[in-house]
Amino acid sequence: MAGDSCVQMDHDMEIAVTPKEQVKKLPKHLREAQISTDRTHLITDAAKKPRQRYVQKDGKCNVHHGNVQETYRYLSDLFTTLVDLRWRLSFFIFTLVYVLNWLFFGFLWWLIALIRGDLVHADEEGWTPCVENLNSFVSAFLFSIETETTIGYGYRVITEKCPEGIILLLVQAILGSIVNAMMVGCMFVKISQPKNRAETLMFSHKAVISVRDNKLCLMFRVGDLRNSHIVEASIRAKLIRSEQTKEGEFIPLNQTDINIGFDTGDDRLFLVSPLIISHEIDEKSPFWEMSQAQMEKEEFEIVVILEGMVEATGMTCQARSSYLDSEVLWGYRFTPVLSLEKGFYEVDYNNFHEIYQTSTPSCSAKELAASLREGPLLPHLCVPSPEPRTQVQEFVAIQQRSRQGKEGETNNGSANLPPENRSH
C-alpha cells in the first residue's frame with residue numbers, strides 16, 4: 001500500500017507539471033485527473049494560513065499604529081518627529097521652512113518700505129530710505145536672504161535712520177539662528193543615525209537545536225562586518241507566542257524572556273569575530289518540555305536584539321532579527337567560520353549561514369535530563385520508534401560510561417554519537 005501511494009503521488013506530480021499545450025492530447029481520465037489535481041492544490045493553498053512576522057528579518061517591526069486620536073503628542077516632540085520622517089519628506093520640510101522664512105521677512109521688509117514711502121520716493125534727492133536700493137518685493141526678498149544667510153553682497157544696506165528696520169533685523173537674525181540650528185540639527189542627526197551601522201550586523205538565517213555539554217541548546221550566530229567594533233555589545237532574546245491563561249484570558253503575542261546568559265554575563269559580547277549565541281534549555285526555559293515533534297506543531301517567533309555603542313560616534317546602535325518556528329531546525333550545528341592563518345585569524349563569511357546535521361535526541365530537554373540521571377530505568381522517554389536500540393539510548397549509555405571513567409573526556413559533540421555514525 002505504501003508503494004502504491006508513492007506511485008500514485010508521483011503520478012499526480014507528473015500530471016501536475018504537464019504543460020498546458022499537452023493537456024488536450026491526454027486521455028479523458030488523465031484530463032479529469034489534471035483538473036482534479038489543480039483544484040485540490042488551489043483549495044489547499046487557499047486554506048493554508050500564511051505566518052505573519054512580528055519582526056522582519058531586517059529588524060523592522062511589522063506593527064502599524066491605527067486610530068491614534070492624540071496626534072498632538074507628536075508636535076510636543078517636534079524634533080524627534082522631524083528626525084523620524086522619511087528622507088523625501090525631510091528634504092521637502094527643510095526647503096519649505098527656509099523658503100517660507102525668507103518670504104515672510106521679505107514681505108516685512110517690503111511692507112516697511114511701502115509704509116515709509118521708500119518705493120515712491122526712492123529716486124528723490126535727499127531721501128534716506130530704510131534700506132538702500134530696495135524698490136520692489138523681489139529686491140526685499142533678496143535682501144531677506146542676504147540678511148539671514150549673512151552673505152552681504154553690499155548693494156542693499158540698512159540705514160541708521162530706520163529704527164523699525166533695526167528691530168526687524170534683530171528679530172530676523174535671532175529667529176534665523178533658531179531655524180538654522182533646528183533644521184541643520186535634524187539633518188545631522190538623521191544622517192548620523194546608527195540605523196545604517198546596524199546594516200553591517202549579521203544574524204544567521206536559521207536557528208538550530210543540538211546538544212552541548214549533555215544539554216539541549218538553542219543556538220544562532222551573530223557577526224559584525226566592520227573593523228570598527230560595537231562597544232559594550234549585549235544581546236537578548238524574546239519568545240513571541242500567543243497564550244491563554246488558566247483563567248481563560250487570551251494574550252496575543254505574549255513576550256517571554258529567553259535567557260542567553262544574563263545571569264552568567266554571557267550576554268555581554270566581545271564581537272570581534274562571529275559568535276554562536278547559545279540558550280541552554282533548562283527548567284526555566286519555555287522549551288523545557290518541547291520535543292522535536294511538539295516543536296514542529298507550535299507556532300512561535302524568536303526575536304533577537306543586539307545593541308551597543310558605535311565606536312566611531314558613541315551613539316547607541318540596535319540591530320534586530322527574528323526566527324519563525326519553521327526557521328528553528330532540530331539536530332543541526334553551525335559550520336565553523338574561523339581559521340588560523342599566518343599571523344592572524346581569518347573569518348570566512350561564505351559559511352556564516354551554513355549548518356550541518358548532527359546526532360541529536362528527539363525528546364524534550366526534560367526527558368533527556370531524566371534519561372541521563374536514571375539511565376536504563378527510563379529508556380523509553382526519548383525513543384522515537386520501537387527499534388531495539390536507538391541513537392538516544394546509545395547517547396545515554398555513552399554519557400554514563402563517560403561519567404564512570406570508562407571513556408576519555410571529549411570537548412566536541414562527535415564523541416557523543418553512536419559508533420556507527422562517528423564518521424559522519
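Please read all numbers here as calculations on a predicted model, not as lab measurements.

## Looking at the pairing of strand β8 (residues 301-310)
Part 1 of the reasoning: Within β8, eight of the 10 residues are buried, which leaves it mostly tucked inside the rest of the structure.
Part 2 of the reasoning: Taken together, the nine bridges between strand β4 (residues 230-244) and β8 define a ladder with antiparallel strand orientation. For R236, the partnering residue across the bridge sits in β8 and is I305.
Part 3 of the reasoning: Strand direction decides the pairing type here: β8 and strand β9 (residues 316-324), joined by nine bridges, are antiparallel. Across the sheet, I305 pairs through a bridge with R320, a residue of β9.
Part 4 of the reasoning: Between β8 and β9, which pair antiparallel one after the other, the connecting turn spans five residues, and G314 there sits at a positive phi close to 80°.

## Describing helix α6 (residues 87-116)
Part 1 of the reasoning: Helix length check: α6, at 30 residues, gives a terminal C-alpha distance of 44 Å against a target of 44 Å (1.5 Å per residue), a fit within 8%.
Part 2 of the reasoning: Among all positions of α6, only S90, Y98, N101, W102, F105, G106, W109, I112 and A113 are buried.
Part 3 of the reasoning: Phi turns positive one or two residues past the end of α6, at G117, with a value near 85°.

## Description of the packing of α6 against helix α9 (residues 163-191)
Part 1 of the reasoning: α9 packs onto α6 with a crossing angle of 175° between their chain directions and a minimal axis gap of 11 Å. Here α6 lies roughly antiparallel to α9, going by the angle between them.
Part 2 of the reasoning: Looking at the contact of α6 with α9 residue by residue, the classes come out as 19 nonpolar, six polar and three charged.

## Things to note about the nonpolar core
Part 1 of the reasoning: In this structure, I235, F287, I302 and V328 are the most contacted members of the largest nonpolar core, which totals 39 residues.
Part 2 of the reasoning: Considering each element in turn, this core owes the most residues, five residues, to β4.
Part 3 of the reasoning: When near neighbours in sequence (up to four residues on either side) are disregarded, I235 contacts F220, V222, I260, D267, L269, I277, V304, I305 and L306.
Part 4 of the reasoning: Within the second largest apolar cluster, 11 residues are counted, among which are W109, A113, V131 and F143.

## Overview of a nonpolar patch on the surface
Part 1 of the reasoning: Taken together, F92, L96, V99, L100, L103, F107, L111, L114, I115 and F137 make up a surface patch of nonpolar side chains, about 870 Å² in accessible area.
Part 2 of the reasoning: Per-element tally for the nonpolar patch: the top contributor is α6, with nine residues.
Part 3 of the reasoning: Mapped onto the fold, F92 is located in helix α6.

## Section: the packing of aromatic side chains
Part 1 of the reasoning: Inspection of the entire model under this criterion finds 10 aromatic pairs.
Part 2 of the reasoning: Counting every residue linked through ring pairs, the aromatic cluster contains F94, Y98 and W102.
Part 3 of the reasoning: Between the NZ or CZ atom of K190 and the centre of the ring of W87, over which it lies, the distance is 5.2 Å.

## Concerning the packing of helix α8 (residues 137-149) against α9
Part 1 of the reasoning: α9 packs onto α8 with a crossing angle of 65° between their chain directions and a minimal axis gap of 9 Å. Between α8 and α9 lies a crossing of right-handed hand. In this structure, α8 contributes S144, T147 and E148 to the contact, and α9 contributes L169, Q172, G176 and N180.
Part 2 of the reasoning: Split into classes, the residues belonging to the contact of α8 with α9 amount to one nonpolar, five polar and one charged.

## Observations concerning the confidence of the model for the protein
Part 1 of the reasoning: Within the protein, residue pLDDT values average 78, and 76% of them lie at 70 or more.
Part 2 of the reasoning: Considering each helix and strand of the protein separately, the mean pLDDT is smallest for helix α1 (residues 2-16), with a value of 38, and largest for strand β11 (residues 332-334), with 96.
Part 3 of the reasoning: Across residues 1-24, where pLDDT falls below 50, the model places 14 contacts with residues more than four positions away in sequence or in other chains.

## Considering the pattern of salt bridges
Part 1 of the reasoning: Taken as a whole and judged by the stated rule, the model has 12 salt bridges.
Part 2 of the reasoning: Among the salt bridges present, the one from K215 reaches E280, with a minimum N-O distance of 3.1 Å. Of this pair, K215 sits in strand β3 (residues 215-224) while E280 sits in strand β7 (residues 275-280), and the two are 65 residues apart along the sequence.
Part 3 of the reasoning: On the basis of relative accessibility, which here comes to 40%, the residue K215 falls in the partly exposed class.
Part 4 of the reasoning: What emerges from the salt-bridge pattern is a single network uniting R53, K57 and E327.

What counts and what doesn't
Residues numbered from 1 in each chain as written. Predicted model: local features only at pLDDT ≥ 70, side-chain atom pairs only at ≥ 80, totals over all residues. Heavy atoms only, no water. Buried < 20%, exposed > 50% of the residue type's maximum accessible area, 1.4 Å probe, protein only. Helix = DSSP H or I, 4+ residues; strand = E, 2+ residues; numbered from the N terminus. Pairing = 2+ DSSP bridges. Expected span 1.5 Å × (residues − 1). Axes fitted to C-alpha atoms, helices over the stretch in contact; angles between N-to-C directions. Parallel < 35°, antiparallel > 145°, perpendicular 65-115°, else oblique. Nonpolar A, V, L, I, M, F, W, Y, C, P; charged D, E, K, R; others polar. Core = buried A, V, L, I, M, F, W, Y, C linked by side-chain atoms within 4.5 Å. Contact = heavy atoms within 4.5 Å. Patch = residues over 30% accessible without salt bridge, like charges linked within 9 Å, V, L, I, M, F, W, Y side chains within 5 Å. Areas by Shrake-Rupley, 256 points an atom, 1.4 Å probe, with all protein chains shown as cover. Salt bridge = Lys/Arg side-chain N within 4 Å of Asp/Glu carboxyl O. Phe/Tyr/Trp six-rings, centres within 6.5 Å; stacked < 30°, edge-to-face > 60°. Lys NZ or Arg CZ within 6 Å of the ring centre and 35° of its normal. Left-handed = near helix turned anticlockwise from the far one by under 90°. pLDDT = per-residue confidence, 0-100.

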